[in-house]
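Residue-level structure breakdown
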Amino acid sequence: MGPGGEDPAARSASYACPSAPAEPGAGLLGVLGPDGKIHNLRSLMPVDEDFLAAVRVRGAPEERMRFSNRCQTSGCSQWTGTRCGVIDRAIKAMEAPGAPPRSDLPPCSIRGTCRWFAQVGAKACPTCAYIVTDTRQMNVAAE
Ligand code: SF4
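Cut-off values and rules
- Residues numbered from 1 in each chain as written.
- Predicted model: local features only at pLDDT ≥ 70, side-chain atom pairs only at ≥ 80, totals over all residues.
- Heavy atoms only, no water.
- Helix = DSSP H or I, 4+ residues; strand = E, 2+ residues; numbered from the N terminus.
- Buried < 20%, exposed > 50% of the residue type's maximum accessible area, 1.4 Å probe, protein only.
- Contact = heavy atoms within 4.5 Å.
- Areas by Shrake-Rupley, 256 points an atom, 1.4 Å probe, with all protein chains shown as cover.
- Near = heavy atom within 4 Å.
- Nonpolar A, V, L, I, M, F, W, Y, C, P; charged D, E, K, R; others polar.
- Pairing = 2+ DSSP bridges.
- Salt bridge = Lys/Arg side-chain N within 4 Å of Asp/Glu carboxyl O.
- Core = buried A, V, L, I, M, F, W, Y, C linked by side-chain atoms within 4.5 Å.
- Axes fitted to C-alpha atoms, helices over the stretch in contact; angles between N-to-C directions.
- pLDDT = per-residue confidence, 0-100.

**Thoughts on the overall build of the protein chain**
Counting its regular elements, the protein chain contains six helices and four strands. Listing the helices and strands of the protein chain from first to last along the sequence gives α-β-β-β-α-β-α-α-α-α. The proportion of buried residues among the 143 residues of the protein chain is 36%. Restricting the contact set of the protein chain to residue pairs at least 6 apart, pairs at least 24 apart contribute 69%. Here the protein chain has roughly 8000 Å² of accessible surface; of this, 55% comes from carbon and sulfur atoms.

**As for the site of the ligand**
Taken together, Pro18, Leu29, Asn40, Pro106, Cys108, Ile110, Arg111, Cys114, Phe117, Ala124, Cys125 and Cys128 form the complete shell of residues around the ligand. A per-element tally of the shell around the ligand places helix α5 (residues 124-128) first, with three residues. When its residues are assigned to classes, the shell around the ligand shows 10 nonpolar, one polar and one charged.

**Some details on unusual backbone geometry**
Backbone geometry places Thr73, a non-glycine residue, at a positive phi of 40 degrees. Of note, Thr73 is situated in the loop between β4 (65-70) and α3 (85-94).

**Notes on the pairing of strand β3 (residues 38-46)**
Relative to β3, strand β2 (residues 27-32) runs antiparallel, the two being bridged by five bridges. Each residue of the ladder has a partner; that of Leu28, found in β3, is Met45. In sequence, β2 turns back onto β3 through a hairpin of five residues, with Gly36 there showing a positive phi of about 80 degrees.

**Observations regarding the pattern of salt bridges**
Per the counting criterion, the structure on display carries two salt bridges. The partner of Arg83 in a salt bridge is Asp88, with the nearest N and O atoms 2.8 Å apart. Overall, Arg83 belongs to the partly exposed group, its relative accessible area being 24%. Asp88 gets classed as partly exposed once you look at its relative accessible area, which sits at 28%.

**What about the nonpolar core?**
Val86, Ile87, Ile110, Trp116, Val120, Ala124 and Ile131 are the most contacted members of the largest nonpolar core, which has 14 residues in total. Looking at this core, the elements with two or more residues in it are α3, α4 (115-120) and α5. For this core, the element with the highest residue contribution is α3, accounting for four residues. Excluding residues within four positions of it along the chain, Val120 makes contact with Arg83, Ile87, Asp88 and Ile91.

**Re α3**
Within the span of α3, buried status applies to Gly85, Val86, Ile87, Ala90, Ile91 and Met94. In this structure, the buried residues of α3 make contact with α4 and α5.

**Describing the sheet that holds strand β1 (residues 16-20)**
The sheet built from four strands is open, its strands ordered β1-β4-β2-β3 with antiparallel pairing. Since the sheet does not close on itself, it has two edges, and those belong to β1 and β3, each with one partner. The average angle at which neighbouring strand axes cross in this sheet is 25 degrees, direction not considered. Its contacts with the sheet put helix α2 (residues 49-56) on β2, β3 and β4, and the angle it makes with β4 is roughly 150 degrees.

**Overview of the confidence of the model for the protein chain**
Averaged over all residues, the pLDDT of the protein chain is 86; the fraction at 70 or higher stands at 78%. Here residues 1-6 scores under 50 on pLDDT; set against residues more than four positions off or in separate chains, the count is six contacts. Ignoring residues within four places in sequence, the model shows residues 139-143, a span with pLDDT below 50, making one contact including any to other chains.

Laid out in structure tokens, this is it:
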């Protein structure tokens, strides 16, 4: 922690967002499985417009896939001023009674630079598997 109680790593803009918009230049991080969990690919797969056009035929790609891109910090509606609010809210929700059981760390291609892992460590990862990117926030941000 820094002198002000903030994690300096969490403030840095050089981290990867694990729940980024589906856009050319992003990387495909994982795919939603029939068990309702995101299953990460062994390596990040760069996506281009052709790929995205093909998957948009079945609706918004973010509804069934997760993408990674550079963390935008203050350029993102999820940024609280010092950290990403998504993983904090998700962990809180997962701790509620009746929440899905947690499992071991899943394989992940971006753990070394992941914004959420930098913020909260290994407890981000079991929760991460249940997060579907909120496209409503993206629409709001784009307006
Ligand atoms: S929270 Fe964990 S599993 Fe999810 S993207 Fe970050 S490092 Fe990977």
